[in-house]
Amino acid sequence: MRVGRCVRINQQYSRLFRLMADQPASHPPRKVLLKTKSMEKMDFSLTEDARMIGELTRRFVADELIPLERLVIEREANRGMGGDPLIPPDVEARLKARSQELGLWGIDVPERFGGHDMGALIKCVVTEQMFYSITPFTLPPDSPNLYFLSECATGDQIERYVLPYATGEKKSALALTEAGAGADAAGIRLKAERRGDKWVLNGEKMWISNARTADFMIVIAVTDREKGTRGGMTAFLVDKGTPGVTVPQEFSVIGGNFHAYAVNFDDVPLDDAQVLGAVGNAFAPLQNRLGIRRMECACWCLGYAQRALDMMIEQANTRRTFGAPLADRQAIQWWIADSYQEIEMVKLLTYRLAWQLDHASNDDKRSEIRRGASMVKVQATEMATRVIDRAIQLFGGMGVSKELPLEFMAREVRVLRIVEGPSEIHRWLIARELLRGGRPKQF
């Protein structure tokens, strides 16, 4: 900024403060408008790239995913307690080929790893569109572990893990949660101790998604219990089939997409090359990784809620009761009005968070992202719960049947209020930060 411009802006602010000070207490303050170019930076419009890829994804969902929803509902109803995939392997292969052909892979993968490097905001737009359908097909790679790997992987790890993960050749899982360590990562007990030239892991993890299908896991272990989260936690890369690693139990939970597993580690030997990042420094990149997933959860909820709202609008305009369309009923009008407003508010919060992530360059912004991720996780999951419940109520008996995707969506969003940290923990984290440091400065 040139010195002359700084002087002009300071003069404007000085004039403003003098005018405010000169106002008698009995008079309302005069409106003073400061016109500076900095005001032009507040822009809520999406870029042309974001709009184009959002429309491309919307068409892919309409053409490829929504027609599969009846198959998904039937397979989910018939599989019982098992963890059979909701999409047959041949259908998933076709979807992968088609989405790759359209260029929908590697959206937020850095260019140095062969991706499009479009950033978190565009990935949010795409994810929201993908979850307009209940067909559980996701575009590789999974963003949270991508950020973890991109931030920490070095040397040979890039060739062995990052590149094949970025191109969808390999799948990963995060092994973090334990029986006594869910939202409280500081309670982790899985131990990694040094024996000669090896690290040896002992303990167990629970509620680990994709544990049986992942090609490798990012395992969080304690290497110095006294230091705990301040230098005592280390991330390890553990390949599928590593001696001593077993997956003894599967947990069936509500929702069609969520299957979790217990994973045991019994004297698992690992080389130094399997350490992801620096020894003892797993907690900071882990928190960033969790923030990405929480933002992604908000996008899932936005997609489901948009679908439920569209279904409500169509039903209200076509269904008649007692001689009048549902659209004439004030209760229905309020359900639709409230749902639309809540969706738009969560969307603004989520997009702002994604924009901050794309522009984060220091620890202060990282802290804002962690707080923002907790906020959008709470608001989005609870918003989607309300919107989908209103849609079920509007459709009545049909709403709770498997003829529509609403009951499937309701179960999915119920799980999301627990995974990646329950709402109560996130409220506590937000409040703790505010009580310690006060409300963040707005200017």
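Use the structure listed above.
Right, let's walk through the structure included here. Since we're looking at a predicted model, the values are computed, not measured.

1. Quick notes on the overall build of the chain
Piece 1. In terms of regular secondary structure, the chain is built from 12 helices and 10 strands.
Piece 2. Within the chain, the proportion of its 443 residues that are buried is 47%.

2. Considering the environment of D108
Piece 1. Note that D108 resides in the loop between helix 4 (89-101) and helix 5 (120-130).
Piece 2. Spatially, the C-alpha atoms of D108 and P141 are 8.8 Å apart, while their sequence positions differ by 33 residues.
Piece 3. In this structure the side chain of D108 is engaged in a polar contact, spanning 3.4 Å, whose partner is the side chain of K123.
Piece 4. One polar contact links D108 to S143, side chain to side chain, over a distance of 2.7 Å.

3. Some thoughts on a nonpolar patch on the surface
Piece 1. On the surface, M42, F44 and L348 cluster together into a nonpolar patch covering about 410 Å² of accessible area.
Piece 2. Its location among the elements puts L348 in helix 9 (residues 330-359).

4. Considerations on the pattern of salt bridges
A side chain of one charge can pair with a side chain of the opposite charge when the charged atoms of the two come close.
Piece 1. On inspection of all chains with the given rule, the structure shows 31 salt bridges.
Piece 2. D267 is paired through a salt bridge with R195; the nearest N and O atoms lie 3.5 Å apart. You can see D267 sitting in strand 7 (residues 259-270) and its partner R195 sitting in strand 2 (residues 191-195), a full 72 residues away along the chain.
Piece 3. Three or more residues joined by partner-sharing salt bridges are found here, namely D142, R289, R293, E296 and E420.

5. Points about unusual backbone geometry
Piece 1. A cis amide bond links P140 to the next residue, P141, at an omega of -5°.
Piece 2. Mapped onto the elements of the fold, P141 is located in the loop between helix 5 and helix 6 (143-152).
Piece 3. Notably, W207 is not glycine yet its phi reads approximately 60°, a positive angle.
Piece 4. Notably, N210 is not glycine yet its phi reads approximately 65°, a positive angle.
Piece 5. Inspection of the secondary structure puts N210 in the loop between strand 3 (198-209) and strand 4 (216-222).

6. Let's talk about the nonpolar core
Piece 1. If you look at the biggest cluster of nonpolar residues, it comprises 72 residues, and the most contacted ones within it are L95, M130, F137, L139, Y304 and L406.
Piece 2. Residue assignment for this core shows that the elements contributing at least two residues are helix 2 (48-65), helix 3 (69-78), helix 4, helix 5, helix 8 (283-318), helix 9, helix 10 (363-395) and helix 11 (406-416).
Piece 3. Ranked by the residues each element gives to this core, the list is headed by helix 8, at 15 residues.
Piece 4. Excluding anything up to four places from it in sequence, L406 contacts A308, M311, I388, A391, I392, F395 and G399.
Piece 5. Within the second largest apolar cluster, 47 residues are counted, among which are A192, A214, F236 and V263.

7. Brief notes about the packing of aromatic side chains
Piece 1. Considering all chains together, one arrives at seven aromatic pairs under this definition.
Piece 2. Both rings, one in F60 and one in F137, keep their centres 6.2 Å apart while their planes meet at 50°; by these two values the pair is tilted. With F60 in helix 2 and F137 in the loop between helix 5 and helix 6, this residue pair connects regions lying 77 residues apart in the sequence.
Piece 3. With relative accessibility at 2%, the residue F60 sits in the buried group.
Piece 4. Measuring from ring centre to ring centre gives 6.1 Å for Y165 and F216, while their planes differ by 75°; the resulting arrangement is edge-to-face.

8. Notes on the state of the cysteines
Piece 1. The tally for this structure, following the rule as stated, stands at zero disulfides.
Piece 2. Lacking any disulfide linkage, C297 is separated from the closest cysteine sulfur, that of C301, by 6.8 Å.

9. Focus: the packing of helix 2 against helix 4
Piece 1. It is at 12 Å that the axes of helix 2 and helix 4 come closest, and there the two elements cross at 155°. Comparing their axes, helix 4 and helix 2 come out roughly antiparallel. Seen from above, helix 2 lies across helix 4 with right-handed handedness. For the pair helix 2 and helix 4, contact is made by F60, E64 and L65 and by R94, L95, R98 and S99, respectively.

10. Comments concerning the side chain of E296
Piece 1. For E296, the location among the structural elements is in helix 8.
Piece 2. Not counting residues up to four positions away in its chain, the partners in contact with E296 are T127, D142, S143 and P144.

11. Section: helix 5
Piece 1. The buried fraction of helix 5 is high, at 10 of 11 residues.
Piece 2. When helix 5 is considered as a whole, its buried residues turn out to be A120, L121, I122, K123, C124, V125, V126, T127, E128 and M130.
Piece 3. Turning to helix 5, the residues buried within the fold contact helix 2, helix 6, helix 8 and helix 9.

12. Some details on the pairing of strand 1 (residues 172-175)
Piece 1. Burial of the side chains of strand 1 extends over both faces: S172 and L174 are buried on one face and A173 and A175 on the other.
Piece 2. Where strand 1 lies against strand 4, four bridges are found, and the strand directions are parallel. In the sheet register, S172 faces strand 4, and the bridge partner there is F216.

13. As for the environment of Q100
Piece 1. For Q100, the location among the structural elements is in helix 4.
Piece 2. Distance from Q100 to T167, taken between C-alpha atoms, is 9.9 Å for residues 67 residues apart in sequence.

Reading the values: rules and limits
Residues numbered from 1 in each chain as written. Predicted model: local features only at pLDDT ≥ 70, side-chain atom pairs only at ≥ 80, totals over all residues. Heavy atoms only, no water. Helix = DSSP H or I, 4+ residues; strand = E, 2+ residues; numbered from the N terminus. Buried < 20%, exposed > 50% of the residue type's maximum accessible area, 1.4 Å probe, protein only. Polar contact = N/O pair within 3.5 Å; in protein donor to acceptor, adjacent residues only side chain to side chain. Patch = residues over 30% accessible without salt bridge, like charges linked within 9 Å, V, L, I, M, F, W, Y side chains within 5 Å. Areas by Shrake-Rupley, 256 points an atom, 1.4 Å probe, with all protein chains shown as cover. Salt bridge = Lys/Arg side-chain N within 4 Å of Asp/Glu carboxyl O. Core = buried A, V, L, I, M, F, W, Y, C linked by side-chain atoms within 4.5 Å. Contact = heavy atoms within 4.5 Å. Phe/Tyr/Trp six-rings, centres within 6.5 Å; stacked < 30°, edge-to-face > 60°. Disulfide = S-S within 2.5 Å. Axes fitted to C-alpha atoms, helices over the stretch in contact; angles between N-to-C directions. Parallel < 35°, antiparallel > 145°, perpendicular 65-115°, else oblique. Left-handed = near helix turned anticlockwise from the far one by under 90°. Pairing = 2+ DSSP bridges.

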